[in-house]
Amino acid sequence: MREKNVIAAIAAIACPLCMHAQGVDSLYRTLSEMTGFHSTADFEVWLPSSAEPVVYKVELQADCAAPDSLAPADYLIRWQADAGREGFSAYFSGDHFRYRNDKLLEYHAERDQSSFVPDGPGSEKRGVQQTAQFADLLPQFIAEAIDEMMTDSSYRFTFHPDTIVSGRHMQVVDGVKLSPAGTEARQFSYVFHPDGRPASMEIEHNPATISEQTVSVTYSYDDSPRPLASYTEDALMALYPEVFEKYRHSTFRADGLAGKPMPSFSCRTLASGRMEHTYGDAMPRPTLFVFLDPGVNSTAATVADVRSAASQAPVAAEIVWVFTDNRTDTASEILGDTPAEESALISAHSLVRDCGITLYPTLIMVGADGIVKNIAQGYNQDLLSDVIQNITLSN
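Described below are features of the structure shown in this document. (Residues numbered from 1 in each chain as written. Predicted model: local features only at pLDDT ≥ 70, side-chain atom pairs only at ≥ 80, totals over all residues. Heavy atoms only, no water.)

## Describing the pattern of salt bridges
Then, number 1: Under the defined criterion, the tally for this structure stands at 11 salt bridges.
Then, number 2: D42 is the partner of K57 in a salt bridge, and the nearest nitrogen-oxygen pair spans 2.5 Å. Of the two residues, K57 is situated in strand β2 (residues 54–64) and D42 in strand β1 (residues 37–46); the sequence distance between them amounts to 15 residues.
Then, number 3: Relative accessible area serves as the criterion here: at 41%, K57 is assigned to the partly exposed category.
Then, number 4: D42 gets classed as partly exposed once you look at its relative accessible area, which sits at 33%.
Then, number 5: Here D152 ties to K177 by a salt bridge, and the two come within 3.6 Å at their closest N and O atoms. A residue pair is termed long-range when its members are at least 10 positions apart, and D152 in the loop between α4 (139–151) and β7 (155–165) and K177 in strand β8 (residues 168–178) qualify at 25 residues.
Then, number 6: With relative accessibility at 17%, the residue K177 sits in the buried group. (Salt bridge = Lys/Arg side-chain N within 4 Å of Asp/Glu carboxyl O. Helix = DSSP H or I, 4+ residues; strand = E, 2+ residues; numbered from the N terminus. Buried < 20%, exposed > 50% of the residue type's maximum accessible area, 1.4 Å probe, protein only.)

What follows is the structure in structure tokens.
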């Protein structure tokens, strides 16, 4: 690969950037608009310190996700290492899930976009949905790589629209990326079938240096059904029921918390302190978390009803008022004087996210054992009696 790419690079240096892009824009469109993609890939990484490569078997499923500003595709990536380890990553509709080493992580843009758009729009940093392991093997992400080649002057590449590779007609994009000092930072060769599907790739990072690393990927295709029937959370949970049951420590939907431990949190209090809780730990006493939005008309009535219910309940319970707003004056105005059995959390964005709060008010009753006993969403005329009952049954 090295000799071929060096020759291509020398020829490309003499040409304007627009000459490199001639014809490759059609391949770019084919890759970026690809739907129904399903492939298995053999992935090998060769490291200078090892005589044998690190080998993965990767199953890829993807569909172009336009219009979606966060990622070019909805996808499911399932991988298995030669040592037996396995995991998956998935993205769709602003939700990202990744599982490995008995840990399930999930991110939801509706609640917090910071993981998807680090440092805000326009930043060169890539979000969790774009940096997932093996995401760059997907055709839509390869299209983004080609787009970068066409617009970044540090790339020198050649597009071969019809050439013979291993006796078959293929399309090939090969070349180098130069470092700011003008040395080769990367050599690459992407091979595609005539219909645009990826066939193979080889990427050599830091060639001819002590940190040289070579990645080799070979794709294969068959008629087996795609593992994910639809790009939804329910479909992913149906595909991995045991993973979600055993390793999900938070949920995007509040109604799924019942019977599970209260998620971990560390939040500022209105009294300038902090309240912390660790997933799986007990509570000092039964605790009612009341999630409030100052802009909702029923907020004042909710506060009054919850306080009245707590005073009438036969079991003592702590009340924790939860605000995402960081305006202490607003919270103080809503709550007034808070008795000793009450606390108020402000700027509690992570707690709201991890509890899946989508409606205000939402009340989550947690027993002294740290387990969520009941969830009530929205304000209604039965809130007073419901809270009394939930506090009574929480002990």
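## A few points about unusual backbone geometry
Then, number 1: Unlike most non-glycine residues, A208 shows phi in positive territory, near 60 degrees.
Then, number 2: Relative to the assigned elements, A208 resides in the loop between β10 (198–205) and β11 (213–220).
Then, number 3: Within the chain, S272 stands out as a residue other than glycine whose phi angle is a positive 70 degrees.
Then, number 4: Relative to the helices and strands, S272 resides in the loop between β12 (265–269) and β13 (274–277).

## Observations regarding the packing of aromatic side chains
Then, number 1: Applying the stated rule across the entire model yields 18 aromatic pairs.
Then, number 2: Ring plane angle 15 degrees and centroid distance 4.1 Å describe the contact between F88 and Y240, whose orientation is recorded as stacked. One end of the pair, F88, is in strand β4 (residues 86–92); the other, Y240, is in the loop between α5 (233–239) and α6 (241–247), with 152 residues separating them in the sequence.
Then, number 3: Taken together, the ring pairs in this structure connect F43, Y56, W79 and F134 into an aromatic cluster. (Phe/Tyr/Trp six-rings, centres within 6.5 Å; stacked < 30°, edge-to-face > 60°.)

## What to know about helix α10 (residues 383–393)
Then, number 1: For α10, every residue scored as buried is listed here: L383, V387, I388, N390 and I391. Projected onto a plane normal to the axis of α10, the buried residues spread over an arc of 170 degrees and lie on a single side.
Then, number 2: On its buried face, α10 sits against β14 (287–292), α7 (299–312), β17 (362–366) and β18 (372–377). (Arc of directions from axis to C-beta. Contact = heavy atoms within 4.5 Å.)

## Looking at the sheet that holds strand β3 (residues 73–81)
Pairing between the strands of a sheet comes from backbone hydrogen bonds, and it takes one of two forms, parallel or antiparallel.
Then, number 1: Overall, antiparallel pairing links the 11 strands, which are arranged β6-β5-β4-β3-β2-β1-β11-β10-β9-β8-β7 in an open sheet. Here the strands that pair on one side only, and so sit at the sheet edges, are β6 (103–108) and β7. Across this sheet, the average inter-strand angle for adjacent strands is 15 degrees, counted without regard to direction.
Then, number 2: Bridge count for strand β5 (residues 95–100) against β6 is six bridges, and the pairing is antiparallel. Across the sheet, residue H96 finds its bridge partner in β6, namely Y107.
Then, number 3: This element, α4, spans β1, β2, β3, β7, β8, β9 (184–192), β10 and β11 of the sheet and lies at about 130 degrees to β9. (Pairing = 2+ DSSP bridges. Axes fitted to C-alpha atoms, helices over the stretch in contact; angles between N-to-C directions.)

## Regarding the nonpolar core
Then, number 1: The biggest cluster of nonpolar side chains holds 47 residues, and the ones touching the most others in it are F43, V58, L60, I146, V173, Y190 and Y219.
Then, number 2: It is α4 that provides the largest number of residues to this core, a total of seven residues.
Then, number 3: When neighbours within four sequence positions are excluded, F43 is seen to be in contact with V54, V55, Y56, V58, F134, L137, V215, S216 and V217. (Core = buried A, V, L, I, M, F, W, Y, C linked by side-chain atoms within 4.5 Å.)

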